[in-house]
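# Structure at a glance
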Amino acid sequence: EMDDREDTGDGGRPREVVVSAHDHPHVGTGDDVGLTERERDVLRIALDGASVKEMAARLHLSQGTVRNHVSSSMLKMDARTRAEAASLARAAGWL
């Protein structure tokens, strides 16, 4: 079975992605969240480097639902990875 964690290239935990919300024009700040509460829940857990399976178990959701929330938040924030989306959301003060 394939692990769905972000690839670090060294077989370890996902690398911390440090980005600024100011570097991404699609990301607002303050009260201009643009993410649903559930998308924020998923991204909070993604900050820990959790797999989709782990996120689904912690939130009592199906893996497909978690993938949909991750995908939606990545699109809204123009992020390439869920780690980047989580980092952007944290930088914007949403998490």
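Residues numbered from 1 in each chain as written. Predicted model: local features only at pLDDT ≥ 70, side-chain atom pairs only at ≥ 80, totals over all residues. Heavy atoms only, no water.

## Examining the pattern of salt bridges
What counts, and what does not: Salt bridge criterion: a side-chain nitrogen from Lys or Arg within 4 Å of a carboxyl oxygen from Asp or Glu. By definition, any uninterrupted DSSP run of H or I lasting at least four residues is a helix, any uninterrupted run of E lasting at least two residues is a strand, and each is numbered from the N terminus. Per-residue accessibility, obtained with a 1.4 Å probe over protein chains only, is compared with the maximum for each type, and a residue is labelled buried under 20%, exposed over 50%, and partly exposed between these values.
In this structure the tally under the stated criterion is six salt bridges. Notably, a salt bridge pairs Glu-37 with Arg-40, separated by 2.9 Å at the nearest N-O pair. Remark: Arg-40 and Glu-37 occur in helix H1 (residues 37–46); sequence separation between them is three residues, near one turn of the helix. Classification of Glu-37 as partly exposed rests on a relative accessible area of 42%. Look at Arg-40 and you get buried, because its relative accessible area is 17%. When the shortest N-O distance is used, the salt bridge between Arg-44 and Glu-37 registers 3.7 Å. When its relative accessible area of 32% is taken as the criterion, Arg-44 is described as partly exposed.

## Things to note about helix H3 (residues 63–77)
In plain terms, the rule: Between the first and last residue of a helix there are one fewer steps than residues, each counted as 1.5 Å, and that sum is the expected span. The arc in question is formed by the directions pointing from the helix axis toward the C-beta atoms. Contact criterion: two residues are considered in contact whenever any of their non-hydrogen atoms come within 4.5 Å of each other.
Across its 15 residues, H3 extends 21 Å between first and last C-alpha, which sits within 8% of the 21 Å expected from 1.5 Å per residue. Restricting attention to buried positions, one finds in H3 the residues Val-66, His-69, Val-70, Ser-73, Met-74 and Met-77. For H3, the buried positions fall inside an angular range of 130 degrees around the axis, keeping them on one side. Looking at H3, the residues exposed on the side facing more than 90 degrees away from the buried face are Asn-68 and Leu-75. Looking at the buried side of H3, the elements it contacts are H1, helix H2 (52–59) and helix H4 (82–91). Just downstream of H3 lies Asp-78, where phi reads positive at about 55 degrees.

## Focus: the packing of H2 against H3
How two helices pack is summed up by the angle between their axes together with the distance between the axes. Put simply, the rule is: Axis lines are fitted through C-alpha atoms, for helices just across the contact stretch, and the angle between N-to-C directions can take any value from 0 to 180 degrees. What sets the label is the angle itself: under 35 degrees gives roughly parallel, over 145 gives roughly antiparallel, 65 to 115 gives roughly perpendicular, and the rest give oblique. Gly counts as polar in this scheme, as do all residues outside two lists: the nonpolar Ala, Val, Leu, Ile, Met, Phe, Trp, Tyr, Cys and Pro, and the charged Asp, Glu, Lys and Arg.
Between H2 and H3, the least distance of the axes is 8 Å, while the angle of their chain directions is 105 degrees. The angle between H2 and H3 places the two elements in the roughly perpendicular class. In contact with Val-52, Lys-53, Met-55 and Ala-56 of H2, H3 contributes Gln-63, Val-66, Arg-67 and Val-70. For the contact of H2 with H3, a count of residues per class yields five nonpolar, one polar and two charged.

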